[in-house]
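# Examining the three-dimensional arrangement
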Amino acid sequence: MTYALFIILGLLILLLLYLVMVSPGKPEAFRDAKGEILEGSISEKIFVPIGGMEQGMFIRSKDIGNPVLLFLHGGPGFPNYFLFEKFNPGLEDFFTVCYWEQRGGGLSYSPEVSPESMTLDQLASDAIEVTNYLRERFEKDKIYIMAWSGGTTIALPVISEAPELFHAYIAMAQITRQFESEQIAHDFMLNEFNRVNDQRSVKKLHQFNNLATQADLIAFYNSGTRDNMMHGLGIGTMRNMKSVFKDIFLPVWICRAYTLAEKIKIWRSKIFFLPATQLKREAFTTDFHASYPKVEIPVYFFCGKYDLTVNIDLTREYHNYLDAPIKRFYTFCSSAHAPLFEEPERFREILIHDVLTLKTDLSENE
């Protein structure tokens, strides 16, 4: 027994040493062919006073003269920077990108943040403050704003309140009526599991009463059942991402841009803090379709054909309804919830030919 305990202790020590080794806490610099830091580039992790508290962000670009892009990660509250490090979709080729980590999540998590302060209004106010910080620092009259999934629930209020700050809005998996989206996904999964006679999964889904109430929806989301089943069916984060543990949980721990303490903060926030807030309930139950019928800047919608995390049909319906000076809906036919990482070449092509020129020349469907 003592020998076994020594082995377990030794393995835990080795695991801890490994995690420390892969956690230097610095984003990788951009380098030229000689291995020297690329002239005019930037790659930093900083903390800025935003909304009365220190909030963390990564700022990266191969050329700080590029247009500035503020990226609003999903959740809301769960940062996605580890996916950028893993898949390297190349936004920094065209933009100076700010990967801001929202109040209460990731680098911006602190025990001093109260659950009551976590509202979409507060996050939108923070986002405007970050925008003005970026405008002043990089001497830009306007910047671009891009949001993914839960981040889109912050972006719409921001561009509606302060359209003069932005060139355009890039919406990946725009949330509209998420309660309805979750019901559609629940029914789809129930049908699929019945079709293959997976009665164990059917029984799990029936525990949530077909999402008849908002309470059922929140319980379904917080249980972990939703994410695991969506990934198993290829309608989750990515079409080919089948395991939340292997493809989400583990990559956070090996992301070199965070220190080990910061990685612990990410999961402390995700598991214990965010579920205690009303942020998810607010994002899931607000009708953004009805609340934001008009915006005053160009809007570009990017959606995966197989996305049932945020239902693509509801997003397309909102696009058709929305009054905007320029708008375009792009379907990514090999993607689920994350076309930026699943089909980065087409994503970049659209950025170059349409978004950065404020045009709509490219086809809506691949």
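Residues numbered from 1 in each chain as written. Predicted model: local features only at pLDDT ≥ 70, side-chain atom pairs only at ≥ 80, totals over all residues. Heavy atoms only, no water.

On to the overall build of the protein chain. Secondary structure assignment for the protein chain yields 15 helices and eight strands. The globule rule puts the C-alpha radius of gyration for 366 residues at 21 Å, and the 21 Å found for the protein chain is close to it. Its C-alpha atoms give the protein chain principal-axis dimensions of about 65 × 50 × 40 Å. Buried positions account for 54% of the 366 residues belonging to the protein chain. Considering only residue pairs separated by 6 or more positions, the protein chain has 73% of its internal contacts joining residues 24 or more positions apart. Within the protein chain, the 45 negative side-chain charges are centred at a point lying 6 Å from the centre of the 36 positive side-chain charges. (Helix = DSSP H or I, 4+ residues; strand = E, 2+ residues; numbered from the N terminus. Rg over C-alpha atoms; globule rule 2.2 N^0.38 Å. Buried < 20%, exposed > 50% of the residue type's maximum accessible area, 1.4 Å probe, protein only. Contact = heavy atoms within 4.5 Å. Lys, Arg positive; Asp, Glu negative; His and termini not counted. Charge placed at Lys NZ, Arg CZ, Asp CG, Glu CD.)

The grouping of Ile 8, Leu 12, Leu 15, Tyr 18 and Ile 254 at the surface amounts to a nonpolar patch, some 480 Å² of accessible area in total. Along the chain, Leu 15 turns up in helix α1 (residues 2-21). (Patch = residues over 30% accessible without salt bridge, like charges linked within 9 Å, V, L, I, M, F, W, Y side chains within 5 Å. Areas by Shrake-Rupley, 256 points an atom, 1.4 Å probe, with all protein chains shown as cover. Salt bridge = Lys/Arg side-chain N within 4 Å of Asp/Glu carboxyl O.)

Moving on: unusual backbone geometry. In this structure, Pro 76 follows Gly 75 across a cis peptide bond, with omega equal to -10°. Phi is positive for Ala 173, which is not a glycine, with a value near 65°. Within the secondary structure, Ala 173 is located in the loop between β6 (166-172) and α5 (178-195). Phi is positive for Leu 358, close to 55°, though the residue is something other than glycine. Checked against the element boundaries, Leu 358 lands in the segment after α15 (344-355).

As a further point, take a negative patch on the surface. Taken together, Asp 121, Glu 161, Glu 164 and Glu 296 make up a surface patch of like negative charges. Secondary-structure assignment places Glu 161 in helix α4 (residues 152-161). The class for Glu 161 is exposed, based on a relative accessible area of 59%.

Residues Tyr 169 and Phe 302 are the most contacted members of the largest nonpolar core, which totals 97 residues. At seven residues, the largest contribution of residues to this core is made by helix α3 (residues 120-137). Residue contacts for Tyr 169: discarding those within four places in its chain leaves Ile 145, Ala 147, Thr 152, Ala 155, Leu 156, Ile 159, Gln 174, Ile 297, Pro 298, Val 299 and Tyr 300. Counting 17 residues, the second-largest nonpolar core is a separate cluster that includes Leu 190, Leu 211, Tyr 221 and Ala 283. (Core = buried A, V, L, I, M, F, W, Y, C linked by side-chain atoms within 4.5 Å.)

What follows concerns the layout of surface pockets. Space inside the largest pocket adds up to approximately 1,000 Å³. As for the largest pocket, its lining consists of 42 residues, and the residues nearest its centre are Phe 78, Tyr 221, Asp 227, Lys 270 and Lys 280. Within the residue set of the lining of the largest pocket, elements represented by two or more residues are α2 (81-87), α7 (214-223), α8 (225-232), α9 (244-253), α10 (260-273) and α11 (279-285). Considering every element that reaches the lining of the largest pocket, the biggest residue donor is α8, with five residues. Of the residues assigned to the lining of the largest pocket, the class counts are 20 nonpolar, 17 polar and five charged. Together, 18 residues line the second largest pocket, and Glu 28, Phe 30, Arg 60, Glu 85 and Asn 88 are the ones closest to its centre. Residue contributions to the lining of the second largest pocket peak at three residues, all from α2. Here the lining of the second largest pocket is built from residues that sort into eight nonpolar, two polar and eight charged. (1 Å grid on protein atoms, 1.4 Å probe; cavity = no way out; pocket = protein on both sides within 12 Å on 5 of 7 lines; lining within 4 Å. Points joined across faces, edges and corners; volume = space filled by probe spheres on them. Nonpolar A, V, L, I, M, F, W, Y, C, P; charged D, E, K, R; others polar.)

Let's shift gears to the packing of α5 against α8. In contact at an axis separation of 11 Å, α5 and α8 are set at 60° when each is read in the N-to-C sense. Considered as vectors, α5 and α8 are oriented oblique to each other. In this structure, α5 crosses over α8, and the sense of that crossing is left-handed. Within the contact between the two elements, α5 uses Gln 178, Glu 182, Ala 185, Met 189 and Phe 193 and α8 uses Arg 226, Met 229 and Met 230. (Axes fitted to C-alpha atoms, helices over the stretch in contact; angles between N-to-C directions. Parallel < 35°, antiparallel > 145°, perpendicular 65-115°, else oblique. Left-handed = near helix turned anticlockwise from the far one by under 90°.)

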